[in-house]
Amino acid sequence: MMEQPRDLVRVIESQATSDGAGVKLRRSLGSSAFARLDPFLMLDEFFSDDPDDYLAGFPDHPHRGFETVTYMLDGRMQHRDHMGNTGDLGPGSVQWMTAGRGVIHSEMPQQSEGRMRGFQLWINLPAAEKMRPAEYRDIPAEAVPELTFDGGLARVIAGRLRIGESICDGAVNKRPGAMATDPLFVDLRLEAGRSVEIPIGPGYNGLLYVYEGETQVAGRTVPRRTAAVLGDGDGVKLTAGEAGTRVLLLAGKPLNEPVVQYGPFVMNTRAEIEQAVADYRSGRLAEPA
Ligand code: CO
């Protein structure tokens, strides 16, 4: 039982935008410098049945200073990076990339019709790890642990999920060196009118993103395509609306460090951003493969 259920303190509606070579998406976290929740920098949802919205893909581009997590629901994308990694992202799979010092990669659709749907989350790295070597992990759908509970299903991408007496460890758990933020990343499905209580340790920042139906939290209704930032407490109670709901639940330890972002570079100071831009221009952003 929760002693201190978390309240809903802020709603961030997603904004229509485009990124890459023109992929249409909805951005909630990261839609402005004020719409972040330490350590989470950005959350994009892409969802379209129209190839014109996604065919252009994300050709070669850099990242430095944080982690990107891509979670696919429908469709196929292919990842390629300067380290020589190739990853095929299919429904239910996860790509966890620690950009660290630098990655140059592309993410291109592997289909010319049908539905493309998924998410990209950016998680910040602490100052001490922003220049660590890049790392890339592909997690196939069948390697994402699932927890079935009365009234729903949870897919645990990262962190440790507890529901009642059940514990489920995520596909990405404590990796050496890279999990200062100890992220919890869960994809939750709840049947109509059903509720679930999920502990989130005090001091961790938490939010949810509703991508199907409506979800009730602390007496308020969060509509589809909306992020809801939680107050502090020891857990959250979610209740599905009358059509059921699907929700991403995210929590992590805040870094409490300055964030200076310039597009795909997220550092602590302006000088470090200038260095990243200079390194990229001179071909020294990423370590050689
Ligand atoms: Co990228």
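Not measured: the values here are computed from a predicted model. (Residues numbered from 1 in each chain as written. Predicted model: local features only at pLDDT ≥ 70, side-chain atom pairs only at ≥ 80, totals over all residues. Heavy atoms only, no water.)

Chemist: Would you mind showing me how to read the pattern of salt bridges here?
Modeler: A side chain of one charge can pair with a side chain of the opposite charge if their charged atoms are brought near each other. Taken as a whole, this structure holds 17 salt bridges when the rule is applied. A salt bridge links D150 to R194, with the shortest nitrogen-to-oxygen separation between them at 3.0 Å. You can see D150 sitting in the loop between β13 (146-149) and β14 (152-158) and its partner R194 sitting in the loop between β17 (184-190) and β18 (195-199), a full 44 residues away along the chain. The partly exposed category is assigned to R194, whose relative accessible area is 28%. In this structure, D279 engages R284 in a salt bridge whose closest nitrogen and oxygen atoms are separated by 3.8 Å. Through salt bridges with shared partners, a single network forms among D74, R117, D187, E212 and R246. (Salt bridge = Lys/Arg side-chain N within 4 Å of Asp/Glu carboxyl O. Helix = DSSP H or I, 4+ residues; strand = E, 2+ residues; numbered from the N terminus. Buried < 20%, exposed > 50% of the residue type's maximum accessible area, 1.4 Å probe, protein only.)

Chemist: Please explain the coordination of the cobalt ion as it appears in this structure.
Modeler: Donor atoms from the polypeptide that coordinate the cobalt ion comprise H61 (NE2), H63 (NE2) and H105 (NE2), at 2.0 to 2.1 Å from the metal. Donor residues for the cobalt ion, ordered by position in the chain, follow H-x1-H-x41-H. Of this pair, H63 sits in strand β5 (residues 58-63) while H105 sits in strand β10 (residues 103-109), and the two are 42 residues apart along the sequence. (Donors = N, O, S within 2.8 Å, 3.2 Å for Na, K, Ca; no water.)

Chemist: Mind showing me how you'd approach the environment of Q111 here?
Modeler: Inspection of the secondary structure puts Q111 in the loop between β10 and β11 (116-124). Under the relative-accessibility criterion, Q111 is labelled buried at 18%. For Q111 and A143, which are 32 residues apart along the polypeptide, the C-alpha to C-alpha distance reads 23 Å. Within the structure, the side chain of Q111 is placed 3.4 Å from the side chain of Y54, a separation counted as a polar contact. Side-chain polar atoms of Q111 contact the backbone nitrogen of R76, separated by 3.2 Å. (Polar contact = N/O pair within 3.5 Å; in protein donor to acceptor, adjacent residues only side chain to side chain.)

Chemist: I'm lost on the sheet that holds β5 in this one. Help?
Modeler: Hydrogen bonds along the backbone pair up the strands of a sheet, which may run parallel or antiparallel. Read from one edge to the other, the open sheet built from four strands follows the order β5-β10-β7-β8, with strand pairing classed as antiparallel. The sheet terminates laterally at β5 and β8 (86-89), the two strands that pair on one side only. Within the sheet, the average angular offset between the axes of one strand and its neighbour, ignoring direction, is 20°. In terms of strand pairing, strand β7 (residues 77-81) meets β10 through five bridges, oriented antiparallel. The residue bridging Q78 from the neighbouring strand is M108, located in β10. (Pairing = 2+ DSSP bridges. Axes fitted to C-alpha atoms, helices over the stretch in contact; angles between N-to-C directions.)

Chemist: In this structure, what is going on with the nonpolar core? I would like to understand it.
Modeler: A general feature of soluble globular proteins is that nonpolar side chains tend to end up buried together. Of all hydrophobic cores here, the largest spans 29 residues; its most connected members are L43, Y71, W96, F119, L121, F185 and L248. For this core, the secondary-structure elements that each account for two or more residues are β4 (40-48), β6 (66-74), β9 (94-98), β11, β14, β19 (205-217), β21 (226-230) and β22 (235-252). Contact partners of L248, with chain neighbours within four places excluded, come to L43, Y71, F119, F185, V186, D187, L207, L208, Y209 and Y211. Among the nonpolar cores identified, the runner-up in size contains 28 residues, and F149, L161, I200 and Y204 belong to it. (Core = buried A, V, L, I, M, F, W, Y, C linked by side-chain atoms within 4.5 Å. Contact = heavy atoms within 4.5 Å.)

Chemist: Is there a simple way to explain the pairing of β14 in this structure?
Modeler: On any regular strand, side chains alternate: one points to one face of the sheet, the next to the other face. Of all the seven residues making up β14, seven are buried; the element is thus mostly covered by neighbouring parts of the structure. Here β13 folds back onto β14 in antiparallel fashion, the turn holding two residues, of which G151 has a positive phi close to 105°. In this structure, β14 lies alongside β17, joined through six bridges in antiparallel fashion. The residue bridging G152 from the neighbouring strand is L190, located in β17.

Chemist: Sorry if this is basic, but what is going on with helix α1 (residues 270-281) here?
Modeler: Since there are 3.6 residues in each turn of an α-helix, residues three or four apart along the chain are aligned in direction. Over its 12 residues, α1 extends 17 Å from the first C-alpha to the last, a length consistent with the 16 Å expected when each residue adds 1.5 Å. Of the positions making up α1, those classed as buried are I273, A276, V277 and D279. Buried residues of α1, viewed axially, fall in a sector of 165°; they line one side. Opposite the buried face of α1, by more than 90 degrees, sit the exposed residues A271, E274 and R281. Along its buried surface, α1 packs onto β23 (260-262) and β24 (265-267). Downstream of α1 by a residue or two, G283 has a phi angle that is positive, lying close to 75°. (Expected span 1.5 Å × (residues − 1). Arc of directions from axis to C-beta.)

Chemist: Can you help me understand the sheet that holds β9 in this one?
Modeler: An order of β2-β3-β4-β11-β6-β9-β12 is seen for the seven strands of this open sheet, with the pairing classed as antiparallel. The open sheet is flanked by β2 (15-19) and β12 (135-139), the only strands paired with a single partner. If you compare each strand with its neighbour and ignore which way they point, the axes differ by 20° on average.

Chemist: What is the right way to read the side chain of N124 from this model?
Modeler: As for its position among the elements, N124 is in strand β11. The exposure class assigned to N124 is buried, which follows from its relative accessible area of 4%. Engagement of the side chain of N124 in a polar contact is seen with the side chain of K130, the distance being 2.7 Å. Look past the residues within four positions of N124 in its chain and what remains in contact with it is P39, L41, G65, F66, K130, T181, L255, V259 and V266.

This is a description of form; function is not addressed.
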